[in-house]
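Summary of the model geometry
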Amino acid sequence: MKNLVFDVNVVLDLWLERQPEARLLQIAALIDCQRTGTALGWIASPSLHVLEYLAYRQFKHEGADPAEAKQTVKQLLAKLQQQLRPLSAFGFQQDNALLAQTDLEDAQLVAAASVLQGPTAIVTNDKRFATAGSNLVQLKPAEVADWLGQSKPSENLNFVDLQTQQDAIRPQLEQHLHRVLEHGQYILGPEVGELEQRLAAYTGARHCISVSSGTEALLISLMALGIGPGDEVITTPFTFVATAEVIVLLGAKPVFVDIEPDTCNIDATLIEAKLSDQTKAIMPVSLYGQPADMDAINVIAARHGHLPVIEDAAQSFGATYKGSQSGNLSTLGCTSFFPSKPLGCYGDGGAIFTSDDQLAQACREIRVHGQSARYVHSRIGVGGRMDSLQAAIVLAKLERFEHEIVQRQAVARRYHQLIADQAPQVQRLPWPKQGRTSIFAQYSLLTRQRDPLQAKLKAQGIPTAVHYPVPLNAQPAYQHLCCPGCTPVASRIAEQVMSLPMHPDLSEADQHRIVNALGEKQHRGVASPSTLERP
Ligand SMILES: Cc1ncc(COP(=O)(O)O)c(C=O)c1O
């Protein structure tokens, strides 16, 4: 979304009715841009006192009673602040603003607007307004509609767009981050507790234990279950390496079970054949954002001595399975706040969910070096806390999360339709199964011509990724644990899978561009549909 930063003179024109009526209506509509969803509208904080001073002076000059003039200005400012977002002027920007060869007020506005990531225009009636040296566009109110309507295709698309998201949540981000700087409780501060409460409520789990990464969430969960040398943990080979890595780190053995060709998640019908007396847990992954078949897995686990089930929900936080939230579908659920994840922070972070009080207590202790009371280490633990700044960022992002879920699903639906219509050369993965929603951490498809297709898209500025090119049981560090050919579906999909740019702010125009590039005729790599139909 584009940003509009309003200069004082435009707002004053409206307040003081200094323009013909048609122009005033135009300005009023622009200032209302947030409500109408046409742009993000901003008012810089240094503009507020200037507005107050100039409007008050003018109302008095026109004969208003001073108390009434003050009251009117107050009301106008209050309305403005409801319509426009506050744009901060940071202390560190002021030296440069002072040094600028321009009007200080303009320089402050430019400095404040320059932190915005997306295309940004200063809306001003001042012909001499100085945007020199910045990337900002300078527009009169009458020029804004045209500028908003222009969609200049970006040369290089983002695989994940965190910049647009940052503009959208900037006021909340600044507020949350500055609160941490003020109270100074950088470790396990109030944001951590607040986040845990909000996420537990979101998932419906009794406990949320925030930790320093998704990997740490998995490790701590396994430690809380007492998994160790000689134990086996059933899992999928078609996942990010962290899933199996933590099992091996504890001296246990990952037992890889092949995946379903449609969801790319562990095939529950194959699990029982791999259970042994050593099996101590089952760890499915809800890949690409779609929960694994958790009911089927839980039933098997219950039938075999109530084995604990850990859902690796690193990619699926926000998705649902039969109406319940991913992360709260089994004994323990683990997610990741890696920046590119559907709910990410600006660093590393993760969380564990459980409704088992004892496991929750164990996880809380393990994440702080096994400490049950200050300097009492009742068990072996790790340094696995999530810091308050990262929690503050996730809290800010939570405010947009529901919107992002809807957007991700809309983007995925559009890909699904466009690919069917315009790029039948590539094979779509089926839409999420009945009773499940996906958060579409990835939108992945299959092609036998992956390398040339990726190269062609790259040449057109379209990034792609492969999640994942090699199943874990064929990775050098893991291949001794299970024969590489023992999971044929995972092996085949690893050769063909490819992910397209996916984020909640991906525009329809960019999706058309991506699918057009995919659909160009020279790529005829059709994966066999028969293997991909729903069972
Ligand atoms: C399926 C899966 N499990 C675990 C992780 C590890 O999460 P983190 O990077 O936060 O440690 C990831 C992250 O990419 C993942 O996708």
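Residues numbered from 1 in each chain as written. Predicted model: local features only at pLDDT ≥ 70, side-chain atom pairs only at ≥ 80, totals over all residues.

Ser213, Gly214, Thr215, Ala314 and Ser336 are the nearest of the 15 residues found near the ligand. A per-class count over the shell around the ligand returns 5 nonpolar, 8 polar and 2 charged. (Near = placed C-beta within 6 Å. Nonpolar A, V, L, I, M, F, W, Y, C, P; charged D, E, K, R; others polar.)

Here we come to the nonpolar core. Membership of the largest hydrophobic core comes to 107 residues, with the highest contact counts inside it found for Ile220, Ile282 and Ile352. With 11 residues, the single largest contributor to this core is helix α15 (residues 388–422). (Core = buried A, V, L, I, M, F, W, Y, C linked by C-beta atoms within 7 Å. Buried ≥ 20, exposed ≤ 12 C-beta atoms within 10 Å, placed from the backbone. Helix = DSSP H or I, 4+ residues; strand = E, 2+ residues; numbered from the N terminus.)

A sheet is described by the order of its strands in space; here 3 strands give the open sequence β8-β7-β9, paired in parallel fashion. Only two strands of the sheet have a single neighbouring strand rather than two, namely β8 (253–256) and β9 (279–283). Mean inter-strand twist for the sheet, computed between neighbouring axes without regard to direction, equals 30°. Pairing between strand β7 (residues 232–235) and β8: 4 bridges, direction parallel. By the bridge assignment, threonine 235 is partnered in β8 with phenylalanine 256. (Pairing = 2+ DSSP bridges. Axes fitted to C-alpha atoms, helices over the stretch in contact; angles between N-to-C directions.)

Attention now goes to the confidence of the model for the protein chain. Taken as a whole, the protein chain shows an average pLDDT of 94; of its residues, 97% reach a score of 70 or greater. Counting interchain partners and residues more than four positions distant, the pLDDT-below-50 stretch residues 528–535 has 9 contacts. (pLDDT = per-residue confidence, 0-100. Contact = placed C-beta atoms within 7 Å.)

Attention shifts here to helix α1 (residues 8–15). Among all positions in α1, only Val8, Val10, Val11, Leu14 and Trp15 are buried. Buried residues in α1, looked at end-on, bunch into an arc of 165°, giving them a common side. For α1, the secondary structure elements touched by its buried residues are β1 (3–6), α2 (21–31), α4 (45–61), α5 (66–83), β4 (120–123) and α8 (141–149). Positioned one or two residues after α1, glutamate 17 has a phi angle of 50°, which is positive. (Arc of directions from axis to C-beta.)

Strand order in the open sheet formed by 4 strands is β6-β14-β13-β10, and the pairing between neighbours is mixed. Here the strands that pair on one side only, and so sit at the sheet edges, are β6 (207–211) and β10 (310–312). Each adjacent strand pair in this sheet contributes to an overall mean axis angle of 20°, direction not counted. In this structure, β6 lies alongside strand β14 (residues 350–354), joined through 5 bridges in antiparallel fashion. The residue bridging isoleucine 209 from the neighbouring strand is isoleucine 352, located in β14. Contacting β6, β10, β13 (332–336) and β14, helix α11 (residues 214–224) crosses the sheet at an angle of about 160° to β13. Along the sheet, helix α14 (residues 357–367) makes contact with β6, β13 and β14, crossing β6 at roughly 15°.

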